[in-house]
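Chain and residue survey
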Amino acid sequence: MATAKATATASSDAKAEVTKRKAEVSKRKAQRASKTKTTKVKKVAGQQEAVVEKVVEKKKVEKVATARTKRMAEKAKTRATAPKKTVEVASMKLTDLDAMEYTPEEYETLLAMYEDTIQDIKEGEIVTGKILGVSHDDVIVDVGFKSEGVIPLSEFTDNGNIVVGDEIEVYLEAMEDSGGQLLLSKQKADFMRVWERVREIHDAGDLVTGKVVKRIKGGFVVDIMGVDAFLPGSQVALRQVPDFDALVRTDIEVKIIKLNKNRRNIVISRRVVLEEQRESMRSVLLEEIKSGEVRKGIVKNITDFGVFIDLGGVDGLLHITDMSWGRVKHPSELCGLGDEIDVKILDFDDKTSRISLGLKQLSPYPWDDIETKYPIGLKTTGRVVSITDYGAFVELEQGIEGLIHISEMSWTQHIKHPSKIMNVNDSIEVVVLNVDKESEKISLGIKQLEEDPWKTIDDKYPVDKILGGKVRNLTAFGAFVELEAGIDGLVHISDMSWTRRIQHPSEVMKKSEDITIKILKVDHDNRRISLGFKQLKEDPWPELAHKYAVGSEALGTVTRALDRGLVVELDGEVEGFVPASQIGKKDVKPSELYSEGQQIPLSVIEFDQAARRITLSVDAYYKNRDRDELESFLTKQVEESSGGAMADALGDAGLKTEEASAPAEAAPVVEEPATTSDDAEAKTEEAKKEEAPAAPAETPKPEVETPSDEETL
């Protein structure tokens, strides 16, 4: 009995000891928690700004950890819904537990083993953890706490080198989130670990090598000593980069230009490094460069007027005129961005550091032996490279171009524009007409490939030959008649009628009408043929000289009433002119007294056969008649306008008109005095009154429009 009591006492003491030790452990945990809490309070009181910054940072981390929390909650839910495995455990009596006793030494050993499994870690510190596993999106890390932490796989720069069992440094953001999960970050740990080193490199201005991880909006993400830095697109290179994706996964040397620890922001620049290298190369190049030497360069920029070449720190201009001996529309035809080409130094200015480059100077000058390659009369083939209003430029070889003037394209055709017979890039046969080496010009022709039809024109079309032709075109000064394909002749307006004053060729002939004409003259020098239409009949003027002798009387019909006189038509379609001073009444304009279609009695006061002019007068007709008869005529002239009334007004006075000895169609032509539209000359004509200046014997045949009828009668 005593033994049993002693055993019970010992068991009670052991239980009391265990209870005491548990109380001590709880007390130590409470002290540790109180100490942590006191430290946090002190930090908040002493470093309020740092705490606020940490809270803001923690909120950001919580946002990042939201996705992680959701994944952990989903995994917990999956485990909860999974079927539970039944594990059979042997039955144990409470008395068995009571029977298990530990000595104080054993208890201390067990307690030490338990405490060794739990690290004394704090939030905001870098701790060492062991990779326990890798899932599709996360990496599970054990940091020696009561639960494992989960880090997103995206925070690991090289996903392929993650090995289970490896130890890594992580940053403890929070002991637990809403799901009781540790919040860890490898990126923050990497950043804090290398921050001091990055700051030292930035302060010293040293260069650092980084690896381009990926391309993002506005630039690249570059890995520098395990942390991500931002490389803006404008700081990638000195010139435009044709392919940004080609830089991904490449190592580049950069310089840190901006730091922000709170935002964990590192901005780097590759362009600064390249500029420093270029400046170093520039100083060396400027000392070595000389005019006339050939150097390699890289095409940096292409413009409409030329190409900028990087010679290794110094840019030179390759003008479009120095790129090729031939025609170049745009520099991009010969080179592209990034191309490496050989160029020749043409000129170098030490003061402005401007360099003029040449590309065509690397090849021989094509005009050196031009007379030998292209002698006059040579038939060769070329390509049409340009067409203008005055001709076409043909490339015979690179750097050698010739001009086919529009006048050298056809012997007979009237070509309005070269595009009617050729197009750009056409290959045509040409004949060399002239070579000017100094001016770098070659005259070419294509009509010379055929025989000149004007060499035998006299045999085909001798003077006075009568033949048929088709009216091809009408102008104010005459009509062009096609004698054969490509051969035209001109019927001047003065050669259309012996007796009529033709106002326009359309009064006699129409376009496309077949007519009979006579060859008057062939001009070889100007390649012109003069044709005649009126020459098919005899000249009627010698016979008209008898019919309309001076003093003879005639009845005329007013065809035009002008201020300086009247144009009248006599028998036989012969025109005559009545000066304003001879209309029967002075101080009155002829147009106010007479109108077209009225008939008036006239007397011939001048007949000029050489000038083919008949001058008539109303005053001369009534000169030997009573004054009353003239007054009666003028009165009726104003009141009446019909031809019958005019005949009654003449009465039985009788017109002493001689019978025409020539046929009606051979009636003479009466031309008016030559005048112009100038006001001064018109006033001079009226002042002379009685005088009528003689017209030239032959009307000139200009190649342009002749004056109007009211300017020249």
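Residues numbered from 1 in each chain as written. Predicted model: local features only at pLDDT ≥ 70, side-chain atom pairs only at ≥ 80, totals over all residues. Heavy atoms only, no water.

**A word on the overall build of the protein**
What the protein contains, in helices and strands, is 14 helices and 30 strands. Looking at the protein residue by residue over its 713 residues, the buried ones come to 36%. Look at the contacts in the protein between residues 6 or more apart in sequence, and 64% of them connect residues 24 or more apart. Surface summary for the protein: the accessible area is close to 42,000 Å², and the carbon and sulfur share equals 49%. (Helix = DSSP H or I, 4+ residues; strand = E, 2+ residues; numbered from the N terminus. Buried < 20%, exposed > 50% of the residue type's maximum accessible area, 1.4 Å probe, protein only. Contact = heavy atoms within 4.5 Å. Areas by Shrake-Rupley, 256 points an atom, 1.4 Å probe, with all protein chains shown as cover.)

**Re the sheet that holds strand 1 (residues 126-134)**
Pairing is mixed in the closed barrel, where five strands are placed in the order 1-2-3-5-4. Averaged over neighbouring strand pairs, the angle between their axes works out to 50° when direction is ignored. Relative to strand 2 (residues 138-142), strand 1 runs antiparallel, the two sharing four bridges. Bridge pairing in strand 2 places Gly-133 opposite Ile-140. (Pairing = 2+ DSSP bridges. Axes fitted to C-alpha atoms, helices over the stretch in contact; angles between N-to-C directions.)

**Points about the sheet that holds strand 17 (residues 391-397)**
The five strands are arranged 16-17-18-20-19 in a closed barrel whose pairing can be described as mixed. Taking the axes of each pair of neighbouring strands and ignoring which way they run, one obtains an average angle of 55° across the sheet. Alignment of strand 16 (residues 379-387) against strand 19 (residues 427-436), held across five bridges, turns out to be antiparallel. Each bridged residue has a counterpart across the sheet, and for Gly-382 the counterpart in strand 19 is Ile-428.

**Here's the deal with the confidence of the model for the protein**
Looking at the protein, pLDDT values average 75 and 73% of them are 70 or higher. Below a pLDDT of 50 lies the segment residues 1-7, which in the model reaches zero contacts outside its immediate sequence neighbourhood of four places, other chains included. The low-confidence segment residues 641-713, where pLDDT is below 50, has 144 contacts with residues more than four positions distant or belonging to other chains. (pLDDT = per-residue confidence, 0-100.)

**What to know about the pairing of strand 2**
Turn length for the strand 1-strand 2 hairpin, with the two strands adjacent in sequence and antiparallel, is three residues. Here four bridges tie strand 2 to strand 3 (residues 149-152), and the two strands are oriented antiparallel to one another. Counted as the bridge partner of Ile-140 is Val-150 from strand 3.

**Brief notes about the side chain of Lys-518**
Relative to the helices and strands, Lys-518 is located in strand 24 (residues 514-523). Buried charge without a salt bridge: Lys-518, with Asp-464 as the nearest opposite-charge side chain at an N-O distance of 4.1 Å. Those residues in contact with Lys-518 that lie beyond four places of it in its chain are Asp-464, Lys-465, Ile-466, Ser-530, Leu-531, Gly-532, Gln-535 and Leu-536. (Lys, Arg positive; Asp, Glu negative; His and termini not counted. Salt bridge = Lys/Arg side-chain N within 4 Å of Asp/Glu carboxyl O.)

**A look at the nonpolar core**
With 25 residues, the main nonpolar core has Val-568, Tyr-594, Ile-600 and Ile-614 as its most contacted residues. When contributions to this core are tallied by element, the ones reaching two or more residues are helix 9 (541-547), strand 26 (553-562), strand 27 (565-570), strand 28 (574-579), strand 29 (599-608), strand 30 (613-617), helix 11 (618-621) and helix 12 (627-639). Residues Val-212, Val-236, Val-241 and Ile-266 belong to the second largest nonpolar core, which totals 22 residues. (Core = buried A, V, L, I, M, F, W, Y, C linked by side-chain atoms within 4.5 Å.)

**Some thoughts on the pairing of strand 25 (residues 528-532)**
Strand direction decides the pairing type here: strand 23 (residues 487-492) and strand 25, joined by two bridges, are parallel. Residue pairing across strands places Val-491 opposite Leu-531, the latter belonging to strand 25. Here strand 24 folds back onto strand 25 in antiparallel fashion, the turn holding four residues, of which Arg-527 has a positive phi close to 55°.

**Some thoughts on the pattern of salt bridges**
It is possible for side chains bearing opposite charge to pair when their charged atoms get close. Under the definition given, this model contains 18 salt bridges. In this structure, Asp-608 engages Arg-613 in a salt bridge whose closest nitrogen and oxygen atoms are separated by 3.5 Å. Arg-613 shares its class with Asp-608; the two are buried. Salt bridges sharing partners connect three or more residues here, namely Asp-369, Lys-373 and Glu-397.

**What to know about unusual backbone geometry**
Note on backbone geometry: most residues besides glycine have negative phi, and most peptide bonds are trans. Unusually for a residue other than glycine, Ser-512 sits at a positive phi of about 70°. With respect to the helices and strands, the residue Ser-512 is situated in the loop between strand 23 and strand 24. Positive phi, normally seen in glycine, also occurs at Arg-527, with a value near 55°. Secondary-structure assignment places Arg-527 in the loop between strand 24 and strand 25. Note on Arg-527: relative accessible area 31%, which makes it partly exposed.

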